[in-house]
Amino acid sequence: MEFQRETAPGQQIEGYGEQGFRIAGLRHSGAVFVTPEKAEAWDVERFEDLTVEAFSSVLKSRSEFDILLIGTGSEFALLPFPLRTALEATGLSVDAMTTGAAARTYNVLMVEGRRVAAALLPVSEANSVHESTA
């Protein structure tokens, strides 16, 4: 899917599909963790890998955000209760949704100046949406 670029600073998610993302003009393969300040690989491959331990690298940047959006891939899935409870215990507002919805929501909240981050699983090949190279 292609997004229209707003004129705002930060790591905007410009597209997703083909098992990766285009963020601030750079292609990222696999899962990613994005804040307005950075975009980095996230060592998770599928929804079943989402555990408290899988979020330890994400939580190292906890001081940078108050809202954590979790992209669950092509399909929506509820976070396991122990994971949601552990993340919310850090004071975060946590919301899980499909990766496409999380990418769009992240961009809107970032442009608004909100303290937001997104932990995104890639969209599967079978359901990928090709990105624009523009």
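Structural data are supplied above this passage.
Definitions and limits used
- Residues numbered from 1 in each chain as written.
- Predicted model: local features only at pLDDT ≥ 70, side-chain atom pairs only at ≥ 80, totals over all residues.
- Heavy atoms only, no water.
- Pairing = 2+ DSSP bridges.
- Helix = DSSP H or I, 4+ residues; strand = E, 2+ residues; numbered from the N terminus.
- Axes fitted to C-alpha atoms, helices over the stretch in contact; angles between N-to-C directions.
- Contact = heavy atoms within 4.5 Å.
- Core = buried A, V, L, I, M, F, W, Y, C linked by side-chain atoms within 4.5 Å.
- Buried < 20%, exposed > 50% of the residue type's maximum accessible area, 1.4 Å probe, protein only.

S.K.: Even after reading the chapter, I still don't get the sheet that holds strand 1 (residues 13-17), so can you show me in this structure?
M.R.: Within a sheet, neighbouring strands are paired by backbone hydrogen bonds and run either parallel or antiparallel to one another. Across the sheet, 3 strands lie side by side as 1-2-3; this open sheet has antiparallel pairing. Two strands bound the open sheet, and with one partner strand each, they are strand 1 and strand 3 (26-29). Strand after strand, the sheet turns through a mean of 20° between neighbouring axes, direction not considered. Bridge analysis of strand 1 against strand 2 (residues 20-23) gives 4 bridges, and the strand direction is antiparallel. Paired with Y16 across the bridge in strand 2 is F21. Its contacts with the sheet put helix 3 (residues 99-111) on strand 1 and strand 2, and the angle it makes with strand 1 is roughly 175°.

S.K.: I keep staring at the nonpolar core and nothing clicks. Help me out?
M.R.: The nonpolar side chains of soluble globular proteins are, as a tendency, buried together. By size, the foremost hydrophobic cluster in this structure holds 22 residues, and its most contacted members are F33, W42, L50, F55, L68, I70 and L79. Where this core is concerned, the elements lending two or more residues are strand 6 (67-71), helix 2 (81-88), strand 7 (93-97) and strand 8 (116-120). Other than its neighbours up to four places away in sequence, L79 contacts F47, L50, I70, R84, V94 and A96. If you look at the next biggest cluster of nonpolar residues, it comprises 19 residues, including Y16, I23, V32 and L69.

S.K.: Got a minute to help me understand the environment of D49 in this structure?
M.R.: Structurally, the position occupied by D49 is in the loop between strand 5 (39-41) and helix 1 (56-59). For D49, a relative accessible area of 24% puts it in the partly exposed group.

S.K.: I would appreciate a short explanation of the pairing of strand 3 in the present structure.
M.R.: Each regular strand carries side chains that alternate between the two faces of the sheet. As paired strands, strand 2 and strand 3 are joined by 4 bridges and run antiparallel to one another. Among the inter-strand pairings, G20 is bridged to a residue of strand 3, identified as S29.

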